[in-house]
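A structural walkthrough
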Amino acid sequence: MTMRPIRIIGDPVLRTPCEPVTTFDADLRALVTDLMDTLLGAPGRAGVAAPQIGVSAQVFVYDADGHRGHLINPTLELSEERQDDEEGCLSIPGLYFPTQRALHATAHGVDQHGEPLTIAGSGFLARALQHEADHLRGTLYVDTLRGDIRRRALREIRAGRFDSPSRRR
C-alpha cells in the first residue's frame, strides 16, 4: 500500500490544469492504485485527484455514497437543480464552507485500461465528482464560493487557519 502525501494549497500543481491521459500502461495503473491507497488510507475521504499527490494527469478516485472507483479524462454533465452543503478539501484541511453544486452529475471518461466509463449520481456522489473534476482543471472548491463566504474562506486561508502539516508538528 502506497499512501502518498497530499499537496496543500499554495503548491502550484493544485492550480495548474492537468494534461489528458494518452498512455494506458503499467505506470497509469500504478497511479490509480496509489490514488486509491491514498483515498482509503485515512477515514472520511471521499476522493483524491492526481494533482493532490503532485501528478499532473486527468485522473481521480472516489468513494462516496457506496460507490467507489476511478475516472480518467472526465467530462461532466450537470443538472440545473442545485444543492448547498458544507464542503471541504484534503488540500485545505480543516476548513469547511457551504458550497453550491449541481444536485445531479454524470461523469464520462475512461478507466485505467482506456475503456469507456460513465458514473451518474446525485447528492454527495454528484458533489464528489464535481469536486474532483475541478481539481483536474486547477480549481479548488474555495474558488467556487461567492460573497461573504468566499471572503471568510480566503481570510482563513491567508491567516493559515487550516490544519496544515507544518502546524501539526
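Residues numbered from 1 in each chain as written. Predicted model: local features only at pLDDT ≥ 70, side-chain atom pairs only at ≥ 80, totals over all residues. Heavy atoms only, no water.

**So, the side chain of Q52**
Filter applied, for reference: Numbering goes from the N terminus for both helices and strands, where a helix is a DSSP run of H or I of at least four residues and a strand is a run of E of at least two. Relative accessible area decides the class of each residue, using a 1.4 Å probe on protein chains only: under 20% of the type maximum gives buried, over 50% gives exposed, and in between gives partly exposed. Any two residues having at least one pair of non-hydrogen atoms within 4.5 Å are treated as being in contact.
Note that Q52 resides in the loop between β1 (47-49) and β2 (59-64). We classify Q52 as buried; its relative accessible area is 1%. Apart from residues no more than four positions distant in its own chain, Q52 is found in contact with P5, I6, R7, L14, G47, C89, L90, S91, E132 and H135.

**Some remarks on the UniProt feature "binding site: Fe cation" (unreviewed entry) in the chain**
Basically, it comes down to this: UniProt positions are given in the numbering used here, feature names are shortened, and annotations may be inferred rather than shown by experiment.
Summarizing the sequence annotation, UniProt attributes the feature "binding site: Fe cation" (unreviewed entry) to C89, H131 and H135 in the numbering used throughout. The largest pairwise C-alpha distance within this set of annotated residues, which runs over 47 residues, is 10.2 Å, so the set is compact in three dimensions. Owing to a relative accessible area of 7%, H131 belongs among the buried residues under this scheme. Sequence-distant contacts of H131, that is, excluding residues within four places in its chain, are made with E87, G88, C89, R101 and Y141. Mapped onto the elements of the fold, H135 is located in helix α2 (residues 123-136). Look at H135 and you get buried, because its relative accessible area is 1%. Setting aside residues up to four positions removed in sequence, H135 forms contacts with C18, A49, P51, Q52, C89, S91 and L140.

**Some details on the packing of aromatic side chains**
Centre distance and the angle of the planes are the two values used to describe a pair of aromatic rings. Basically, it comes down to this: Classification of ring pairs rests on two measures: the distance between centres of Phe, Tyr or Trp rings, Trp counted by its six-membered ring, which must be within 6.5 Å, and the angle between planes, read as stacked under 30 degrees, edge-to-face over 60 and tilted in between.
For the structure shown, the criterion picks out one aromatic pair. Here F60 and Y62 contribute two aromatic rings whose centre-to-centre distance is 6.3 Å and whose plane-to-plane angle is 65°, an arrangement assigned as edge-to-face. With a relative accessible area of 0%, F60 lands in the buried category.

**Some words on the UniProt feature "active site" (unreviewed entry) in the chain**
This chain's UniProt record puts "active site" (unreviewed entry) on E132. Examined against the element boundaries, E132 turns out to sit in helix α2. Look past the residues within four positions of E132 in its chain and what remains in contact with it is G47, V48, A49, Q52, F60 and V61.

**Remarks on the sheet that holds strand β7 (residues 116-122)**
Worth spelling out the cut-off: Two strands qualify as a pair provided DSSP detects at least 2 bridges between them. In this description, a line fitted to the C-alpha atoms serves as the axis of each element, helices being fitted only across the stretch in contact, and the angle between N-to-C directions of two axes falls anywhere from 0 to 180 degrees.
Spatially, β1-β2-β3-β6-β7 is the arrangement adopted by the five strands of the open sheet, whose pairing is antiparallel. The strands lining the two open edges of the sheet, one partner per strand, are β1 and β7. Direction aside, neighbouring strands of the sheet carry axes that sit 40° apart on average. Where β1 meets β2, three bridges bridge the pair, whose relative direction is antiparallel. Looking at the pairing, V48 lines up with V61 of β2.

**Notes on the pattern of salt bridges**
Test applied: Any carboxyl oxygen of Asp or Glu that lies within 4 Å of a side-chain nitrogen of Lys or Arg is treated as forming a salt bridge with it.
Summed over all chains, the structure comprises ten salt bridges. Where R7 meets D11, a salt bridge forms, and the shortest distance between an N and an O atom there is 2.9 Å. Residue R7 is classed as partly exposed on the basis of its relative accessible area, which comes to 32%. Here R101 makes a salt bridge to D134, at a shortest N to O gap of 2.7 Å. Residue R101 is located in strand β5 (residues 92-102), and its partner D134 is located in helix α2; the two are separated by 33 residues in the primary sequence. This pair shows no difference in class: R101 is buried, exactly as D134 is. Through salt bridges with shared partners, a single ionic network connects E87, R101, R127, D134 and R137.

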